[in-house]
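# Remarks on the overall topology
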Amino acid sequence: MKDEVPNLKDFDQRLRDEAAEEPTLEVPAEEPTKHTQIIAIYGKGGIGKSFTLANLSHMMAEQGKRVLLIGCDPKSDTTSLLFGGKACPTIIETSTKKKLAGEEVEIGDVCFKRGGVFAMELGGPEVGRGCGGRGIIHGFELLEKLGFHDWDFDYVLLDFLGDVVCGGFGLPIARDMAQKVILVASNDLQSLYVANNVCSAVEYFRKLGGNVGVAGLVVNKDDQSGEAQAFAKSVDIPILAAIPQDDDLRKKSANYQIVGSSESQWGELFAGLAEEVAGAPPLRPTPLSQDDLLNLFDSKDTGADFVLEPATDADMRGKYYEPKESLEVVYDDV
């Protein structure tokens, strides 16, 4: 009877050893082979992903491509600019209401179109009432029920919040849902920190056998200080476009006006971005360490030269500190 009981200690150690192993499977970067290119766009909240995607998708549609834009941010702001500020019903919200009414969700309940672009929002739970990442997973489960894999599009653009690192927001990378990732950042440390985090996620899953790569970086609100360009060079990805820090762009974005059109003075910029996005191969980045990321900036701005001073037990205890006798064995000199 004793021999039939598994040795849980050995089993636990085997699991620990397996978890500690560094995966080594190499996957070469290749051109996307599917008819539909599914592209995930990541960036820090507020950096301009929605602005970039709304105008990029509009330009692609103007060029004759069939484009589906899916907002995967709990703020549900991806489609607002495309629809002139109008918020469309989210998939999760609509699904909940339909389920309570005993009805099924239909395409027309959640998908809307403008200028040839088809667009929808996954949505998310109310604040404090659920997990945003789980909401993303649930949203894609509903999309599959609606026939996502049978739809006919040239491009499916997914707008993901890059600040959050839980599983739901890493879905396109972890599950090979997308062929490639595009990063949106500016010349500031926080947005480049997020971009570097996404590069780290891509690198991690490539080691596990994944195929998703980074197509490149879009520099938004470019003030020409050069940090974003230096970052792209350091992690070995191309710059797909540099959108200038311009007051006209700021005002048009604030007023929900589309500039990704041949009728706009910015049309040529977004036409070039559309061509770059279409042709850029999924590359394997080389993410930076925290120190290397800081070194892209002047140390006077980041505090990179600051020397850490370790705290002591006396510091932590303050007025309650009492010296204790050491248990260290001291040997006399021979």
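Residues numbered from 1 in each chain as written. Predicted model: local features only at pLDDT ≥ 70, side-chain atom pairs only at ≥ 80, totals over all residues. Heavy atoms only, no water.

Let us look at the packing of aromatic side chains. Within this structure, the stated rule accounts for 6 aromatic pairs. Consider the rings of F51 and F270, whose centres lie 6.0 Å apart with planes at 75°: the pair is edge-to-face. Taken together, the residues F51 in helix α2 (residues 49-62) and F270 in helix α10 (residues 267-279) connect sequence positions 219 residues apart. We classify F51 as buried; its relative accessible area is 10%. When its relative accessible area of 1% is taken as the criterion, F270 is described as buried. Through a chain of ring-to-ring contacts, three or more aromatic side chains come together here, namely Y42, F140 and F160. Cation over ring: R66 sits above F153, and NZ or CZ is 4.9 Å from the ring centre. (Phe/Tyr/Trp six-rings, centres within 6.5 Å; stacked < 30°, edge-to-face > 60°. Helix = DSSP H or I, 4+ residues; strand = E, 2+ residues; numbered from the N terminus. Buried < 20%, exposed > 50% of the residue type's maximum accessible area, 1.4 Å probe, protein only. Lys NZ or Arg CZ within 6 Å of the ring centre and 35° of its normal.)

Another aspect to go through is the layout of surface pockets. Its volume calculated, the largest pocket comes out at about 480 Å³. Lining the largest pocket are 22 residues, with G48, F51, N220, K221 and S253 sitting closest to its centre. Elements that contribute at least two residues to the lining of the largest pocket include exactly α2, β7 (213-222), β8 (239-244) and α9 (247-254). If one sorts the elements of the lining of the largest pocket by residue count, α9 sits on top with 5 residues. The class makeup of the residues in the lining of the largest pocket is 8 nonpolar, 7 polar and 7 charged. (1 Å grid on protein atoms, 1.4 Å probe; cavity = no way out; pocket = protein on both sides within 12 Å on 5 of 7 lines; lining within 4 Å. Points joined across faces, edges and corners; volume = space filled by probe spheres on them. Nonpolar A, V, L, I, M, F, W, Y, C, P; charged D, E, K, R; others polar.)

The next subject is empty space enclosed by the protein. According to the stated counting rule, one finds 1 cavity of 30 Å³ or more in the structure shown. In this structure, the largest cavity spans a volume of roughly 30 Å³. Taken together, I41, T52, L53, L56, I182, V184, V218, L273 and V277 make up the full set of residues lining the largest cavity. Those elements giving two or more residues to the lining of the largest cavity turn out to be α2, β6 (180-185) and α10. The greatest single-element share of the lining of the largest cavity, amounting to 3 residues, is contributed by α2. For the lining of the largest cavity, a count of residues per class yields 8 nonpolar, 1 polar and no charged.

The next subject is helix α8 (residues 227-235). The complete set of buried residues in α8 reads E227, A228, F231, A232 and V235. Down the axis, α8 shows its buried residues gathered within 140° of arc, on one side only. Packing partners of the buried residues in α8 comprise α7 (189-207), β7, β8 and α11 (290-294). Looking one or two places after α8, you find D236, whose phi comes out positive at around 70°. (Arc of directions from axis to C-beta. Contact = heavy atoms within 4.5 Å.)

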